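Working through the structure, step by step
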Amino acid sequence: MAITYTHPLDKHLRLERIPTLYCPGCGLGIGLGAMLRALDKRISEGVIDPRKVFWVGGIGCTARMVFYVNYDAAHVIHGRSIPFAIGAVLANPELKAIVVGGDGDIAGIGGNHLVHAARRNIDMIVVMFTNFVYAMTGGQVAPTTPRKVKTTTTPYGNPEYPMNAVKLVGSLNANYVARASVTTPHYIEQFFYKALGMSGFRFIEVVSTCPEVYGRHIGLRDPVEMYNELKKRVKYKHKPSLEEAEIDWEKGIVIGEFIERNNPSFIEILRGGQA
Amino acid sequence: MVFTGLTQQSVIGLITRSSSKYRVNIIVDRCKECGICISVCPTKVLERSNILNKYGYHPPEPVNIDKCIGCKLCEYNCPDFAVFIEKVG
Ligand SMILES: Cc1ncc(C[n+]2csc(CCOP(=O)(O)OP(=O)(O)O)c2C)c(N)n1
Ligand code: SF4
Ligand code: SF4
Ligand code: SF4
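Below, the structure is looked at part by part. Here the structure is a predicted model, which means the values were calculated and not measured. (Residues numbered from 1 in each chain as written. Chains lettered and ligands numbered in written order. Predicted model: local features only at pLDDT ≥ 70, side-chain atom pairs only at ≥ 80, totals over all residues. Heavy atoms only, no water.)

In this section: the overall build of chain B. Helix and strand content of chain B: two helices and six strands. Ordering the α and β elements of chain B from the N terminus gives β-β-β-α-β-β-α-β. Relative to its 89 residues, chain B shows a buried fraction of 53%. The long-range share in chain B, meaning contacts at least 24 apart out of those at least 6 apart in sequence, stands at 50%. Carbon and sulfur atoms form 52% of the exposed surface of chain B, whose accessible area is close to 4,200 Å². (Helix = DSSP H or I, 4+ residues; strand = E, 2+ residues; numbered from the N terminus. Buried < 20%, exposed > 50% of the residue type's maximum accessible area, 1.4 Å probe, protein only. Contact = heavy atoms within 4.5 Å. Areas by Shrake-Rupley, 256 points an atom, 1.4 Å probe, with all protein chains shown as cover.)

This is the structure:
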């Protein structure tokens, strides 16, 4: 009986950089695996040409994913992954841009770019991993941090209200808006697979676990415990409305496909499609 | 059983066990001992082994291989690409 020595995703990874620098049990690797399975399917179907795939990450644990994928990739300034990807797809509209970043990178420092890329329906997929803090720099408050959580920059508890990126992007002109969780890798795969077959601005929020930093803040330092606590809070809904897009550690986290549109993308409009 | 095999890039150590239906493989030096695969397995196939990998972690071992139902939850939930399942026969 022949034994296979390679993991089915090895061909999509830069194996000389594996194992990743991620902490044991970090949810980011689960999300990356799910995305690569979807990409693998689209490539084998002939829908995506791997030579046209192009990953962009800013700075942060999530953005570091672009180091690990066996594709053309750019690692750019913190918060500027979306404008970098805009430049690339406008210069070469054949490119399939995949932007990955943390909630700080994409919705915090990069928030303005997120808003306007969605408004303009620019051709790219943005996958934002929400781990509720700035993880790489040691756990400062992020725009997604729940109220009252003590972080390194909110030692008396976070006084701010968190943002809901799905509601924000969904209110703009994005063609696809979905949310999944690292505790549901099959949904990450399914939603990313769907997004890979579409045009325009596609946004997927992946709720992730950061046992090392966020886990320490909220008393869930053990990766399995944190995974299970997140899993308990995640509720899948079939085509939920934006009003239902709750993301609240106490009340629950709704996942699903919130928006699916077929609006002309920015490149389609430039090429003379309907305005 | 620990096999040593060649990938395109490097020599890897593999823990591998098969039932009549499925083979569970663990790439020893990729594991970070997070325990997620052990926890998500619905039939409790996996347990922490005594093997120490080159980074000082104990990878899991498919001790109850006959209970494996091939669901791949371990493969899909391992953050480090360290587990993969194959159908046998
Ligand atoms: C312009 C700039 N400001 C600040 C930093 C410091 N910095 C590095 S990573 C990071 C935050 C990372 O958080 P997030 O984007 O949420 O990603 P995560 O690490 O949580 O995946 C910050 C503030 C930087 N590198 N560049
Ligand atoms: S700090 Fe958090 S997000 Fe970053 S690698 Fe560690 S567990 Fe993952
Ligand atoms: S494939 Fe399913 S049943 Fe088999 S070891 Fe993995 S999680 Fe357990
Ligand atoms: S999930 Fe992966 S890294 Fe974690 S214990 Fe299992 S094999 Fe090791």
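Turning our eyes to something else, we now look at the packing of aromatic side chains. Residue and element names in this part refer to chain A. For the structure on display, the rule yields eight aromatic pairs over all chains. Between Trp55 and Tyr71 the ring centres are 6.3 Å apart and the planes differ by 35°, which places this aromatic pair in the tilted class. Of this pair, Trp55 sits in strand β1 (residues 53-57) while Tyr71 sits in the loop between α2 (65-68) and β2 (72-75), and the two are 16 residues apart along the sequence. When sorted by exposure, Trp55 lands in the same class as Tyr71, which is buried. Seen from their ring centres, Phe67 and Tyr68 are 6.5 Å apart, and the 50° between their planes marks the pair as tilted. Every member of this aromatic cluster is reached through a ring pair, and the members are Tyr22, Phe67 and Tyr68. Lys41 extends its terminal NZ or CZ atom over the ring of Tyr193, reaching a point 5.5 Å from the ring centre. When the ring centre of Tyr161 is taken as reference, the NZ or CZ atom of Arg147 above it lies at 4.3 Å. (Phe/Tyr/Trp six-rings, centres within 6.5 Å; stacked < 30°, edge-to-face > 60°. Lys NZ or Arg CZ within 6 Å of the ring centre and 35° of its normal.)

Quite often, the size of an interface is put as the accessible area lost when its parts meet. Counting from both sides, the interface comprises 33 residues of chain A and, opposite them, 34 residues of chain B. Summed over both partners, the interface of chain A with chain B comes to about 2,700 Å²; 65% of that surface belongs to carbon and sulfur atoms. Of the charged contacts in the structure, one is a salt bridge between Arg30 of chain B and Asp10 of chain A, with a shortest N-O distance of 2.9 Å. Looking at the side of chain A that touches chain B, the elements that each hand over two or more residues are α1 (28-44) and α9 (223-233) of chain A. For the side of chain A that touches chain B, the per-class residue count stands at 22 nonpolar, eight polar and three charged. (Buried area = accessible area lost by both parts, 1.4 Å probe. Salt bridge = Lys/Arg side-chain N within 4 Å of Asp/Glu carboxyl O. Nonpolar A, V, L, I, M, F, W, Y, C, P; charged D, E, K, R; others polar.)

What follows deals with the environment of Asp66 of chain B. Along the chain, Asp66 of chain B falls in the loop between β5 (60-61) and α2 (73-77). Spatially, the C-alpha atom of Asp66 of chain B lies 8.6 Å from that of Tyr22 of chain B, the residues being 44 residues apart in sequence.

What follows deals with the site of ligand 1. All names here are of chain A. The immediate surroundings of ligand 1 are formed by 16 residues, with Cys61, Thr62, Asp103, Gly104 and Asp105 found nearest. Here an oxygen atom of ligand 1 and a backbone polar atom of Asp105 are 2.7 Å apart. Starting from 590 Å² of accessible surface for ligand 1 in isolation, the protein chains cover 74%. Going through the elements one at a time, α4 (103-109) and β5 (133-134) are the ones with two or more residues in the shell around ligand 1. (Near = heavy atom within 4 Å. Polar contact = N/O pair within 3.5 Å; in protein donor to acceptor, adjacent residues only side chain to side chain.)

The next point concerns the site of ligand 2. Taken together, Tyr22, Cys23, Cys26, Leu28, Cys61, Asn131, Ala135, Cys210, Pro211, Glu212 and Val213 of chain A are the residues near ligand 2. The class makeup of the residues in the shell around ligand 2 is nine nonpolar, one polar and one charged.

Turning our eyes to something else, we now look at helix α3 (residues 81-91) of chain A. Of the residues making up α3 of chain A, those classed as buried are Ser81, Ile82, Ala85, Ile86, Ala88 and Val89 of chain A. In this structure, the buried side of α3 of chain A is in contact with β1, β3 (96-102), α4, α5 (111-119), β4 (124-130) and α10 (266-270) of chain A.

Our next topic: the pairing of strand β6 (residues 83-87) of chain B. Residue and element names in this part refer to chain B. The buried fraction of β6 amounts to four of the five residues, a majority that puts the element mostly inside the structure. Pairing geometry for strand β3 (residues 22-27) and β6, over five bridges, is antiparallel. From the neighbouring strand, Arg23 faces β6, where its bridge partner is Glu86. (Pairing = 2+ DSSP bridges.)

With that out of the way, let us pick up the pattern of salt bridges. For the structure shown, the criterion picks out 21 salt bridges over all chains. Put simply, Lys52 of chain A and Asp49 of chain A hold a salt bridge, and the shortest N to O gap is 3.7 Å. Overall, the relative accessible area of 31% leaves Lys52 of chain A in the partly exposed class. Between Lys32 of chain B and Asp80 of chain B there is a salt bridge whose closest N-O contact spans 2.8 Å. Within this pair, whereas Lys32 of chain B is found in the loop between β3 and α1 (36-40), its partner Asp80 of chain B is found in the loop between α2 and β6, the two being separated by 48 residues in sequence. Judged by relative accessible area, which is 5%, Asp80 of chain B ranks as buried. Put simply, Lys194, Lys239, Glu257 and Glu260 of chain A are held in one network by salt bridges that share partners.

In terms of burial, β3 of chain B is largely enclosed, as six of its six residues are buried. Where burial is concerned, the two faces of β3 of chain B agree: the one with Tyr22, Val24 and Ile26 of chain B and the one with Arg23, Asn25 and Ile27 of chain B are both buried.

All names here are of chain A. Mapped onto the secondary structure, Thr152 falls in the loop between β6 (140-141) and α6 (165-170). Judged by relative accessible area, which is 49%, Thr152 ranks as partly exposed. Each C-alpha atom of the pair Thr152 and Val133 lies 9.8 Å from the other, and the pair is 19 residues apart in sequence. What Thr152 contacts, discounting residues up to four positions off in sequence, is Gly138, Gly139, Gln140 and His217. A polar atom in the side chain of Thr152 sits 3.0 Å from the backbone oxygen of Gly139. At 3.4 Å, the side chain of Thr152 forms a polar contact with the backbone nitrogen of Gln140.

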